[in-house]
Every structure is written in C-alpha cells, then in structure tokens.
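Summary of the model geometry
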Amino acid sequence: MDADPSGTRQEPSRAIQLRGLGRDYGDRPALDGLDLDLAEGRSLAVLGPNGSGKSTLLRILAALLRPTRGEVRVLGCDLPRNSWKLRGQIGYLGHEPLLYRDLSGRENLELQAKLYGVPPADASERIEHDLELLEMGRRADRRVSEYSAGMRQRIAICRAVLHRPGLLLLDEPDSNLDPAGRELAAQLIGPATGLTRVLVSHEPERARAESDLVLSLNHGGRIEALV
C-alpha cells in the first residue's frame, strides 16, 4: 500500500478487474466465470494447458476480442464499450511478432511510433535506446525477412514497449530467445520495470518467481487456482 500526503495508507489502483468473464467459440467455452483483480504495478502469471484460454484472456484484455459475457475493466476503461480509450496504454506481445518482413527492424519501429503518435524526437531516442538494450542496434537496418526468429522476437519486444504503455500483455515473450536474449529482454519487459504485466507462460516455476499473482486455468477456461 502507498501513503498519501495526509499519512493515510491507500490501496494501489486496480489495473484489471474481471467479473464473471466468459468467452465462447460456438458452443465451446474458452473462458468461463473468471473473477480477478490486479493492482497497478503488479505482475500476473497465467498458467494452464493448451486450450485453457490463456491467449484468449490476453486478447480480451488487449481489446482485440470481445467477451461473450461478464464485465471487463482495464486501466479504468470498461470493455468493449470504451476500448478506444485504451489505445496507447497497452503493449501487446502475441505469438506472432507483427512485423513487416520487407521493412527493416528500425523502419518497423519508426512506423509503430507514427501509428501511436509518438513525437519524432522521442521516437528516435526511444528506438535507439531500446535497440541498444537488446543488442540490435547494428542489425536494425537489415530487413526483417533476413532475421532469425530470435532477432524478430527482440524487435517485436521493442515494438511492444515503444509507446511506453502502462500495461504489458505478454504471450510467451521468451519464445525463440536464448538465455542471453532473455536477460536482455527483461530490461524492457521484466518485473524490475515496475510495469503492470500479465504474462502467459509454459514455464510455471519461472513465471511464479517473476509474478505477484498466479492464475492457473484448466481445460474449459475455469480457474483452477488463484494464488
């Protein structure tokens, strides 16, 4: 808890609130009856087998997918009604890097900055900073089609944080990264950043060690454990 000037201790604001969240694909529930609160500045790990709705949950939180039922509130915005207010506040890293293969890594980031309205001076500084952190500065002017999978993932991580979001939604962010790449990536998306994070992972022990709260889902998208 934080203290206000009067000396009264206050609970952190809630970044995510879910009440009875459900999402169906036809007659098959992918998520069913999720209730959850996540405070700002905290990390949530989402665990479970394939088909338990982990990626579906991230896409709903990113306002990329509409829930079938229930209430969803992210960074003070009710979804899907006010999803437009979330633009620029969320950094989403999915299974695909979402990069234009015929552009260079740098050009992809410059385009991302324009799409999010980042001022040119700020964009240039951030791009150079993030590329150097992930040791991609010397390779940033090569076309993405020439990159290895690990290099594409590093650029995708830069893309996800370029607009300096308040919430990171990370779906297997270590995919295709070697141990050195993971350590570098942690500088931008790891727990030490202090950002609110929702992390989907198939590495339970590592995810638990990096998170304040752990949500385990079972087949059918129901809560198996929340600790």
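Heads up: these notes are all about the structure in this document. (Residues numbered from 1 in each chain as written. Predicted model: local features only at pLDDT ≥ 70, side-chain atom pairs only at ≥ 80, totals over all residues. Heavy atoms only, no water.)

Considerations on the side chain of Asn108
As a reminder, the rule being used: Runs of E in the DSSP output that reach at least two residues are strands. Runs of H or I that reach at least four are helices, and both are numbered from the N terminus. Only protein chains enter the calculation, and the probe is 1.4 Å; a residue is then buried if its accessible area is under 20% of its type maximum, exposed if over 50%, and partly exposed in between. Only heavy atoms matter for contacts: two residues are in contact if any of them lie within 4.5 Å across the pair.
By the element assignment, Asn108 lies in helix H2 (residues 105-115). Take Asn108: its relative accessible area is 5%, and that puts it in the buried class. When near neighbours in sequence (up to four residues on either side) are disregarded, Asn108 contacts Leu99, Tyr100, Leu103 and Val144.

A short note on the sheet that holds strand S11 (residues 213-217)
Here is the rule we go by: For two strands to be treated as a pair, DSSP must find at least two bridges joining them. For every element, the axis is a line fit to its C-alpha atoms; helices are fit only across the contacting stretch, and the angle between N-to-C directions ranges from 0 to 180 degrees.
Taken together, six strands build an open sheet; the order of strands is S8-S9-S10-S5-S11-S12 and the sheet is mixed. Of all strands in the sheet, those bounded by a partner on one side alone are strand S8 (90-93) and strand S12 (223-226). Put simply, the sheet's adjacent strands are angled 15° from each other on average, direction ignored. With three bridges connecting them, S11 and S12 associate as antiparallel partners. Within S12, the position partnered with Leu217 by the bridge is Ile223. Contacts from helix H1 (residues 54-61) reach strand S5 (43-47), S8, strand S9 (167-171), strand S10 (196-200) and S11, with the element oriented near 155° to S9.

Quick word on the pairing of strand S3 (residues 14-25)
In this structure, S3 lies alongside strand S4 (residues 28-39), joined through nine bridges in antiparallel fashion. The residue bridging Ile16 from the neighbouring strand is Leu38, located in S4. Once S3 ends, the chain turns through two residues before running back antiparallel as S4, passing Gly26 with a positive phi of about 65°. Sheet analysis places S3 next to strand S6 (residues 69-74), joined by five bridges and oriented antiparallel. Bridge pairing links Arg19 to Glu71 in S6.

Observations concerning the nonpolar core
Operational definition: Residues enter a nonpolar core if they are buried and are Ala, Val, Leu, Ile, Met, Phe, Trp, Tyr or Cys, with the set joined through side-chain atoms within 4.5 Å.
Leu131, Ile157 and Ile189 are the most contacted members of the largest nonpolar core, which has 33 residues in total. Among the elements that make up this core, the one with the highest residue count is helix H4 (residues 149-161) (seven residues). In contact with Ile157, not counting residues within four places along its chain, are Leu93, Leu134, Pro173, Leu177, Ala185, Leu188 and Ile189.

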